[in-house]
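Below are the chains, spelled out letter by letter.
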Amino acid sequence: MNIEEKYNKINTEIQLLSENKARLVAVSKTKPPEILQEAYEAGIRVFGENKVQEMVEKFEVLPKDIEWHFIGHLQRNKVKYIAPFVSLIHAVDSLKLLQEIDKQALRNNRTIDCLLQIYIAQEHTKFGLAEIEVLELLQSESCQNLKNIRLRGLMGMATNTDNLVQIRQEFRALKNLFEKIKTKFTYLDNLYFSEISMGMSGDYQIALEEGSTLVRVGSKLFGSRI
Ligand SMILES: *Cc1c(COP(=O)(O)O)cnc(C)c1O
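Reading the values: the criteria
- Residues numbered from 1 in each chain as written.
- Predicted model: local features only at pLDDT ≥ 70, side-chain atom pairs only at ≥ 80, totals over all residues.
- Heavy atoms only, no water.
- Salt bridge = Lys/Arg side-chain N within 4 Å of Asp/Glu carboxyl O.
- Helix = DSSP H or I, 4+ residues; strand = E, 2+ residues; numbered from the N terminus.
- Buried < 20%, exposed > 50% of the residue type's maximum accessible area, 1.4 Å probe, protein only.
- Contact = heavy atoms within 4.5 Å.
- Polar contact = N/O pair within 3.5 Å; in protein donor to acceptor, adjacent residues only side chain to side chain.
- Near = heavy atom within 4 Å.
- Areas by Shrake-Rupley, 256 points an atom, 1.4 Å probe, with all protein chains shown as cover.
- Nonpolar A, V, L, I, M, F, W, Y, C, P; charged D, E, K, R; others polar.
- Disulfide = S-S within 2.5 Å.

### Looking at the pattern of salt bridges
Step number 1: One pass over the structure, following the stated rule, counts 14 salt bridges.
Step number 2: Of the charged contacts in the structure, one is a salt bridge between Glu13 and Lys9, with a shortest N-O distance of 3.9 Å. With a gap of four residues between them, Glu13 and Lys9 both fall in helix H1 (residues 3-18), about one helical turn apart.
Step number 3: A salt bridge links Glu179 to Lys175; the shortest N-O distance between them is 3.0 Å. You can see Glu179 and its partner Lys175 sitting in helix H8 (residues 164-184), four residues apart, about one turn around the helix.
Step number 4: Owing to a relative accessible area of 33%, Glu179 belongs among the partly exposed residues under this scheme.
Step number 5: Bridged by salt links that share partners, the residues Arg168, Arg172, Glu209 and Glu210 form one connected network.

### Let's talk about the environment of His90
Step number 1: Position of His90 among the secondary structure elements: in strand S4 (residues 88-92).
Step number 2: Using a relative accessible area of 0% as the deciding quantity, one classes His90 as buried.
Step number 3: The residues contacting His90, other than those within four sequence positions of it, are Val25, His69, Phe70, Ile71, Leu115, Gln117, Met155, Ser197, Leu214 and Arg216.
Step number 4: Here the side chain of His90 touches Ser197 through a polar contact of 2.9 Å, side chain to side chain.

### So, the site of the ligand
Step number 1: Surrounding the ligand, one finds Val27, Lys29, Ile71, Met155, Met157, Met200, Ser201, Arg216, Val217, Gly218, Ser219 and Arg225.
Step number 2: A distance of 2.5 Å separates an oxygen atom of the ligand from a polar atom in the side chain of Ser201.
Step number 3: In the model, a nitrogen atom of the ligand is placed 2.9 Å from a nitrogen or oxygen of the Arg216 side chain.
Step number 4: A total of 390 Å² of accessible area belongs to the ligand in isolation, and the protein chains cover 88% of it.
Step number 5: Residue classes in the shell around the ligand are distributed as six nonpolar, three polar and three charged.

### A look at the state of the cysteines
Step number 1: For the structure on display, the rule yields zero disulfides.
Step number 2: With no disulfide of its own, Cys114 lies 10 Å from the sulfur of Cys143, the closest cysteine sulfur.
Step number 3: The exposure class assigned to Cys114 is buried, which follows from its relative accessible area of 0%.
Step number 4: Residue classification places Cys143 among the buried positions, given a relative accessible area of 0%.

Here it is in structure tokens:
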């Protein structure tokens, strides 16, 4: 199958499993710009990258109506390079990072949409906030003062396991936390909760069934990364 056929197949699954509420983020990390151009011509407009320099280089050479999502661990000193154009930052895991994004957004006369990354897996390798930490972050006065960011929802990565029951439970826990925050923090002016970023090539069907609104699919679309 070429990229267009794979894209159509995933889109059909999104329609069936999420009643068309979810969107695809095409995870194009490590792939050269020509491959992204091919995906663009197949109709893809949302790309996910996890390295700052790589995303900037691709932004410069590819069409300007692309939505660039930063999906990796973001270092504070690099926020300035993507602040002029990034559409959504998926993996914010500290107040300090959020403050830096707010500062750089202001410098660029923008508001930058962010997701808070939640630690849902039973693995020690993944980044993210625990439930108690995200609640503390949202309760803090410093968070309320951020005017140039919008908190659009949560992002999580399930455990890398064959146990589908466990994966489903982890996604369900993320969805429950999303609903809890959405009802509890209605007074926050920068909270616009509408997105749950969960699901990758190996588990996006389960994620869609559990309420994902953004599936981040790389290898299923572009082939394996070596
Ligand atoms: C690489 C990556 C993906 C995509 O992984 P695939 O298994 O290739 O679909 C999704 N999310 C994050 C955060 C990633 O780093």
